[in-house]
Amino acid sequence: MKVLVTGHDGYIGTVLTPLLARAGHEPAGLDLSLFANHAFAEPPEVPGREGDIRDVGAEDLDGFDAVIHLAALSNDPLGDLAPEVTHAVNHHASVKLAKAAREAGVPRFLHSSTCSVYGAGDTDTPLDERAPFNPVTPYGESKVLAEHDIAALATPGFSPVFLRNATAYGVSPRMRGDIVVNNLVAYAYATGEVRMQSDGTPWRPLAHVEDIARAFLAALEAPTDQVHNEAFNVGRDEDNHQIRDIARMIEAAVAGSKVTFAPGASPDKRSYRVDFSKSRGLFTPQWTVERGIEEMLAAYAAHGLTLDQFLSPRFQRLARLRELVEAGELDAELRRRVRA
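Parameters at a glance
- Residue numbering note: each chain is counted from 1, following its sequence as written.
- For a predicted model such as this one, the threshold for reporting local features is a pLDDT of at least 70, and the threshold for listing and counting side-chain atom pairs is 80 or more; totals across whole chains, interfaces and linings nevertheless cover every residue.
- Water and hydrogen atoms were dropped before computing side-chain values, which therefore reflect all heavy atoms in the structure.
- Buried Ala, Val, Leu, Ile, Met, Phe, Trp, Tyr and Cys residues that are joined via side-chain atoms within 4.5 Å together make up what is termed a nonpolar core.
- Burial classes: relative accessible area under 20% of the type maximum marks a residue as buried, over 50% as exposed, and values in between as partly exposed (1.4 Å probe, protein chains only).
- Helix and strand labels come from DSSP, where a helix needs a run of H or I of at least four residues and a strand needs a run of E of at least two; each type is numbered from the N terminus.
- Contacts: residue pairs with any heavy atoms within 4.5 Å of one another.
- Residues are said to line a cavity or pocket when one of their atoms sits within 4 Å of a point; the points come from a 1 Å grid over protein atoms alone, cavities being sets where a 1.4 Å probe fits but cannot get out and pockets being open sets with protein on both sides within 12 Å along at least five of seven lines.
- Grid points are joined across faces, edges and corners, and a volume is the space filled by probe spheres set on the points.
- Note on residue classes: Ala, Val, Leu, Ile, Met, Phe, Trp, Tyr, Cys and Pro are nonpolar, Asp, Glu, Lys and Arg are charged, and everything else, Gly too, is polar.
- Two strands pair under a simple rule: DSSP has to find at least two bridges between them.
- Fitting a line to C-alpha atoms yields each axis, with helices limited to the stretch in contact; the angle taken between N-to-C directions then spans 0 to 180 degrees.
- Whenever two N or O atoms come within 3.5 Å, that pair is a polar contact, provided that in protein one can donate a hydrogen and the other can accept it, and provided that, for residues adjacent in sequence, both atoms are side-chain atoms.
- Helix span, as expected, comes to 1.5 Å for every residue beyond the first.
- An angle counts as roughly parallel when it lies under 35 degrees, as roughly antiparallel when it exceeds 145, as roughly perpendicular when it falls between 65 and 115, and as oblique in every other case.
- Crossing handedness is defined as follows: a turn of the near helix away from the far one that is anticlockwise and smaller than a right angle gives a left-handed crossing, while the clockwise case is right-handed.
- Whenever Lys or Arg places a side-chain nitrogen within 4 Å of a carboxyl oxygen from Asp or Glu, that contact is recorded as a salt bridge.

## Examining the nonpolar core
Now for step 1: Ranked by size, the top nonpolar core spans 70 residues in total, and within it Ile 68 and Ile 250 carry the most contacts.
Now for step 2: Ranked by the residues each element gives to this core, the list is headed by helix H6 (residues 209–221), at nine residues.
Now for step 3: Apart from the residues within four sequence positions on either side, Ile 68 is in contact with Val 3, Leu 4, Val 5, Thr 6, Leu 16, Leu 20, Leu 110 and Phe 216.

## Here we look at empty space enclosed by the protein
Now for step 1: Applying the stated criterion across every chain yields a total of one cavity of 30 Å³ or more.
Now for step 2: If you add up the space inside the largest cavity, you get close to 40 Å³.
Now for step 3: Lining the largest cavity, in full, are Tyr 169, Leu 206, Ala 207, His 208, Asp 211, Val 234, Gly 235, Arg 236, Asp 239, Phe 283, Pro 285 and Trp 287.
Now for step 4: The element that contributes the greatest number of residues to the lining of the largest cavity is strand S9 (residues 203–208), accounting for three residues.
Now for step 5: Each residue belonging to the lining of the largest cavity can be placed in one class, and the counts come to seven nonpolar, two polar and three charged.

## Regarding the sheet that holds strand S11 (residues 240–242)
The strands that make up a sheet are held in pairs by hydrogen bonds between backbone atoms, and each pair lies either parallel or antiparallel.
Now for step 1: Strand order in the open sheet formed by three strands is S7-S9-S11, and the pairing between neighbours is mixed. Only two strands of the sheet have a single partner each, and these edge strands are strand S7 (167–169) and S11. Averaged over all neighbouring strand pairs, the angle between strand axes comes to 50°, with direction disregarded.
Now for step 2: With three bridges connecting them, S9 and S11 associate as antiparallel partners. Paired with Arg 204 across the bridge in S11 is His 241.
Now for step 3: Across the face of the sheet, helix H8 (residues 243–253) comes into contact with S9 and S11 while running at roughly 85° to S11.

## Section: the side chain of Arg 320
Now for step 1: Mapped onto the fold, Arg 320 is located in helix H11 (residues 317–326).
Now for step 2: Engagement of the side chain of Arg 320 in a polar contact is seen with the side chain of Glu 323, the distance being 2.6 Å.
Now for step 3: In this view, Arg 320 contacts Leu 34, Phe 35, His 38 and Pro 313; residues no more than four positions away in its chain are not counted.

## Considerations on helix H5 (residues 180–191)
Now for step 1: For H5, which comprises twelve residues, the first-to-last C-alpha distance of 16 Å matches the rise-based estimate of 16 Å (1.5 Å per residue) to within 8%.
Now for step 2: Where H5 ends, the next residue or the one after it, Gly 192, has phi of about 85°, a positive value.

## Digging into the packing of H8 against helix H9 (residues 289–303)
Now for step 1: The contact between H8 and H9 brings their axes to 10 Å, and the two run at 50°. Here H9 runs oblique to H8, going by the angle between their axes. Along this stretch, H8 crosses H9, giving a crossing that reads as right-handed. Packed against H8, whose contacting residues are Met 249, Ile 250 and Ala 253, the element H9 presents Val 289, Glu 290, Ile 293, Glu 294 and Leu 297 at the interface.
Now for step 2: Its residues assigned to classes, the contact of H8 with H9 shows six nonpolar, no polar and two charged.

## Some details on the pattern of salt bridges
Now for step 1: Overall, the coordinates contain 18 salt bridges when judged by the stated rule.
Now for step 2: Here Arg 174 makes a salt bridge to Asp 9, at a shortest N to O gap of 2.9 Å. Here the residue Arg 174 occupies a position in the loop between S7 and H5, and Asp 9 occupies one in the loop between strand S1 (2–6) and helix H1 (13–22), the gap between them amounting to 165 residues. Comparing Arg 174 with Asp 9, the two get one shared label, buried.
Now for step 3: Among the ionic pairs, Arg 320 bridges to Glu 323, the shortest N-O distance being 2.6 Å. Here Arg 320 pairs with Glu 323, and both are found in helix H11, just three residues apart, close to one helical turn.
Now for step 4: Classification of Arg 320 as buried rests on a relative accessible area of 9%.
Now for step 5: Taken together, the shared-partner salt bridges in this structure form one network comprising Asp 52, Arg 54, Asp 55, Glu 333 and Arg 335.

## Description of the sheet that holds strand S2 (residues 26–31)
Now for step 1: The seven strands lie next to each other as S3-S2-S1-S4-S5-S6-S10, forming an open sheet whose pairing is parallel. On the outer flanks of this sheet lie strand S3 (48–50) and strand S10 (230–234), each paired with one strand and no other. Sheet twist, expressed as the mean angle between neighbouring strand axes with direction ignored, is 15°.
Now for step 2: The sheet contact formed by S2 and S3 spans three bridges and is parallel. Its bridge partner being in S3, Leu 30 is matched across the sheet by Arg 49.
Now for step 3: Strands S1, strand S4 (66–69), strand S5 (108–114), strand S6 (159–165) and S10 of the sheet are contacted by H6, whose axis makes an angle of about 150° with S5.

## Section: the environment of Glu 147
Now for step 1: With respect to the helices and strands, the residue Glu 147 is situated in helix H4 (residues 138–151).
Now for step 2: Along the primary structure Glu 147 and His 111 are separated by 36 residues, whereas in three dimensions their C-alpha atoms are 8.1 Å apart.
Now for step 3: Polar side-chain contacts of Glu 147 include one of 2.6 Å to the side chain of Ser 113.

Here it is in structure tokens:
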């Protein structure tokens, strides 16, 4: 299949596109290329173009068999920085893209959603795809609204599919330092501190970036009647963890490290456990958090990671966006300024 991957040059996209190619598909990309000079490893070469999903029309999607829509303002701190832009990109532009795909005759639209739609959820009973939404951030809200409006576009010839990814972790050519496991491991490696930003009590479902990519491949190749206008939680039941338990895993893996608390560490209202049994009908995850920790430690050691590097815009999404705005490369709506 010929597949357009939006956000192909990001954290998940640089892991997904080689997987698609190995499976015999033809990935093409669309990305703003905000991290083009900030690679952790050599990113894959993917045919495509630099562009903003807010500007995509049906003519840009002609000839594609599927769209995998990853591009987004991708975590809670970014959403809090500019909530109106978060909704413009994650909600309105995503719906516009889905409409363009349907108009162009693209039969399948895979939307990268999030378990953050459950927000402040029930921690006694894992939440399945039928659980009520309860987002607590603009990021989570934008994903709820996008799912609702894109689902309404489904027709017999147009199949939206929603992959609600657990909190990602693991090594990628476009490494992220602003997600919990990656952050804690890097801090422990660089400083000897497993430094928690909360009191450690919140629950998080976790999924390795490679397993998230496998879920997208499986949803792309699944029979239409299995995935048509369906949502799937992506992760492992065994990897619903409290943050303090993740910290203990890292403390055990990094010799001489110690769990500490950042100034102002407090309870986080985002806390939920998730049921992943439905997605087992699509694919089987291969990674555990413990293996992912070891993988990251080896990668950080191979690159000689320092704390200054880790805290730089190379790894921190919010810092990178602020850097680009201050440099005049992005405007207040986070659009590329016209280059002279």
